[in-house]
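# Fold and geometry: a report
Each chain, letter by letter, is given below.
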Amino acid sequence: MHKTPEITRLIHENSWIVLSFAFARPVVGRVIDDRFSGEWEYLYKSVYELAEIRADRALLEMATQLRVLDDEQEISEKLRRTGHPPLGTVFQADGEATDLYLRDMTNKVMHARSFEWNLTTPDEPTVICHPRDSDRWRQAEIRLIVMMGLVGSLMF
């Protein structure tokens, strides 16, 4: 059996990395645009490449950890019973949009070909998961504010 408090602590840690990236990147991008002129290759690399790679990894780790915790504590079932809002939307291959709940969200993240960070609306960032094979679904959009509430409710 896994040590639930340790898994939950790691979920919180990875959530912070994901949220820090999602909320800070637009602000840092504006600061760079406003205050740095000329060529800043390594600054751009750290802000626009390395930080995103780290956020991608944190998202993947967090999804895996949430899956383990769900297996142990049946969180998905508890969320269903309490009417927790969906974590986002899945756009199926036939064009239908369906709600994205915890168990499916972890699957979409773990099996995604890539992630796309939609940070254009600063107070409502999302992550779009793109599938390896689009026969079943085209993309899954995760609402980070809803995910933040879910993770914030987990005790460790």
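Relevant structure appears above.
Residues numbered from 1 in each chain as written. Predicted model: local features only at pLDDT ≥ 70, side-chain atom pairs only at ≥ 80, totals over all residues. Heavy atoms only, no water.

### Thoughts on the packing of aromatic side chains
Tallied over the full model, the rule gives three aromatic pairs. An angle of 75° between the planes, with centres 5.0 Å apart, marks the rings of Phe21 and Trp117 as edge-to-face. Here Trp117 lies in strand β3 (residues 112–118) and Phe21 lies in helix α1 (residues 4–35), a separation of 96 residues in the sequence. Of the two residues examined, Phe21 and Trp117, each falls in the buried class. Ring plane angle 85° and centroid distance 4.9 Å describe the contact between Phe36 and Trp40, whose orientation is recorded as edge-to-face. When its relative accessible area of 30% is taken as the criterion, Phe36 is described as partly exposed. Take Trp40: its relative accessible area is 37%, and that puts it in the partly exposed class. (Phe/Tyr/Trp six-rings, centres within 6.5 Å; stacked < 30°, edge-to-face > 60°. Helix = DSSP H or I, 4+ residues; strand = E, 2+ residues; numbered from the N terminus. Buried < 20%, exposed > 50% of the residue type's maximum accessible area, 1.4 Å probe, protein only.)

### Remarks on a nonpolar patch on the surface
There is a patch of nonpolar side chains on the surface, built from Val27, Val31, Phe36 and Trp40 and spanning about 310 Å² of accessible area. Counting through the fold element by element, Trp40 comes out in the loop between α1 and α2 (41–73). (Patch = residues over 30% accessible without salt bridge, like charges linked within 9 Å, V, L, I, M, F, W, Y side chains within 5 Å. Areas by Shrake-Rupley, 256 points an atom, 1.4 Å probe, with all protein chains shown as cover. Salt bridge = Lys/Arg side-chain N within 4 Å of Asp/Glu carboxyl O.)

### Things to note about the pairing of strand β2 (residues 97–100)
Strand direction decides the pairing type here: strand β1 (residues 88–92) and β2, joined by four bridges, are antiparallel. Looking at β2, one finds that Val90 is bridged to Thr98. Where β1 hands over to β2, the hairpin turn is made up of four residues, of which Gly95 adopts a positive phi near 95°. (Pairing = 2+ DSSP bridges.)

### Some details on the side chain of Thr126
Its location among the elements puts Thr126 in strand β4 (residues 126–131). A relative accessible area of 6% means that Thr126 is categorised as buried. Those residues within four positions of Thr126 in sequence are excluded, and the remaining contacts are Glu116, Trp117, Asn118, Glu141, Ile142, Arg143 and Leu144. (Contact = heavy atoms within 4.5 Å.)

Read these as geometric descriptors, not functional statements.
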